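Structural description and commentary
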Amino acid sequence: MPAPGPREAGAYLKIERKVGDFAVVAVGVQIALDADGVCRKAGIGLCAVGPTSLRAREAEEWLMGKRLDERVIARAGELAAEAAQPTSDTRGPAEYKRDMVRVLTVRALRKALERIPML
């Protein structure tokens, strides 16, 4: 796995019932910005909300070529939630899991942005 560049960062967030438990919902993001602060690369992975791990490709594409302000990040969260395929089980109803994908995607994108030093 290559080391991230100077304007690249990621974040992984997980909801679990207790520490070390399987995820109820998990989201990982990786973003890269150009010198003007525009997104040039984005990856969003979703865990525990489908038969296998998923990529939120429409959300990734939405981020490309944009400055990651609150409006853009919020829409990416919505698109990631639409990509999720959760099922109801003992860890929670599908509707809850889908909404948590949205929330965690927004939080992870904000955290990744915080980790990119402003040059």
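First, a word on scope: everything that follows refers to the structure included in this document. In this text, all values refer to a predicted model and were calculated from it rather than measured experimentally. (Residues numbered from 1 in each chain as written. Predicted model: local features only at pLDDT ≥ 70, side-chain atom pairs only at ≥ 80, totals over all residues. Heavy atoms only, no water.)

Moving on, we get to the sheet that holds strand 4 (residues 54–55). Pairing within the open sheet is antiparallel, and its four strands lie in the order 1-2-3-4. The two strands at the open ends of the sheet, each matched to only one other strand, are strand 1 (8–16) and strand 4. Packing against the sheet, helix 3 (residues 94–115) makes contact with strand 1, strand 2 (23–33) and strand 3 (39–47), and its axis sits at approximately 35 degrees to strand 2. (Pairing = 2+ DSSP bridges. Helix = DSSP H or I, 4+ residues; strand = E, 2+ residues; numbered from the N terminus. Contact = heavy atoms within 4.5 Å. Axes fitted to C-alpha atoms, helices over the stretch in contact; angles between N-to-C directions.)

Position of Lys97 relative to the elements: it lies in helix 3. Once residues lying within four places of it in the same chain are set aside, the contact partners of Lys97 are Val24, Val25, Val49, Pro86, Thr87, Asp89, Arg91 and Gly92.

So, about the pairing of strand 2. Consecutive residues of a regular strand have side chains that alternate between opposite faces of the sheet. Most of strand 2 sits inside the fold, with ten of its eleven residues counted as buried. Counted between consecutive antiparallel strands, the loop separating strand 1 from strand 2 contains six residues, among which Gly20 sits at a positive phi close to 90 degrees. Where strand 2 folds back onto strand 3 in an antiparallel hairpin, the turn is made up of five residues, including Gly37, whose phi is positive at roughly 85 degrees. (Buried < 20%, exposed > 50% of the residue type's maximum accessible area, 1.4 Å probe, protein only.)

On to the packing of helix 2 (residues 70–83) against helix 3, then. Look at helix 2 against helix 3: their axes get within 8 Å of each other, and the N-to-C directions meet at 140 degrees. With respect to helix 3, the axis of helix 2 lies oblique. Here helix 2 and helix 3 pass one another in a crossing that is right-handed. Between helix 2 and helix 3, the residues in contact are Glu70, Ile73, Ala74, Ala76, Gly77, Glu78, Ala80, Ala81 and Glu82 and Arg98, Val101, Arg102, Thr105, Val106, Leu109, Arg110 and Leu113, respectively. Here the residues of the contact of helix 2 with helix 3 sort into nine nonpolar, two polar and six charged. (Parallel < 35°, antiparallel > 145°, perpendicular 65-115°, else oblique. Left-handed = near helix turned anticlockwise from the far one by under 90°. Nonpolar A, V, L, I, M, F, W, Y, C, P; charged D, E, K, R; others polar.)

Counting through the fold element by element, Arg7 comes out in the segment before strand 1. Take Arg7: its relative accessible area is 9%, and that puts it in the buried class. Distance from Arg7 to Leu113, taken between C-alpha atoms, is 9.2 Å for residues 106 residues apart in sequence. Of note is the side chain of Arg7, whose polar atom sits 3.1 Å from the backbone oxygen of Pro117. (Polar contact = N/O pair within 3.5 Å; in protein donor to acceptor, adjacent residues only side chain to side chain.)

Here the focus is the pattern of salt bridges. Scanning the entire structure with this criterion turns up ten salt bridges. A salt bridge links Glu16 to Lys14; the nearest nitrogen and oxygen atoms lie 3.1 Å apart. Accessibility expressed as a relative area gives 30% for Glu16, which makes it partly exposed. What makes Lys14 partly exposed here is its relative accessible area of 35%. Lys97 serves as the salt-bridge partner of Asp89, at 2.8 Å between the closest nitrogen and oxygen. Taking relative accessible area as the criterion, Asp89 reaches 39% and is therefore assigned partly exposed. For Lys97, a relative accessible area of 2% puts it in the buried group. If you follow the salt bridges from partner to partner, you end up with Arg17, Asp21 and Arg91 in one network. (Salt bridge = Lys/Arg side-chain N within 4 Å of Asp/Glu carboxyl O.)

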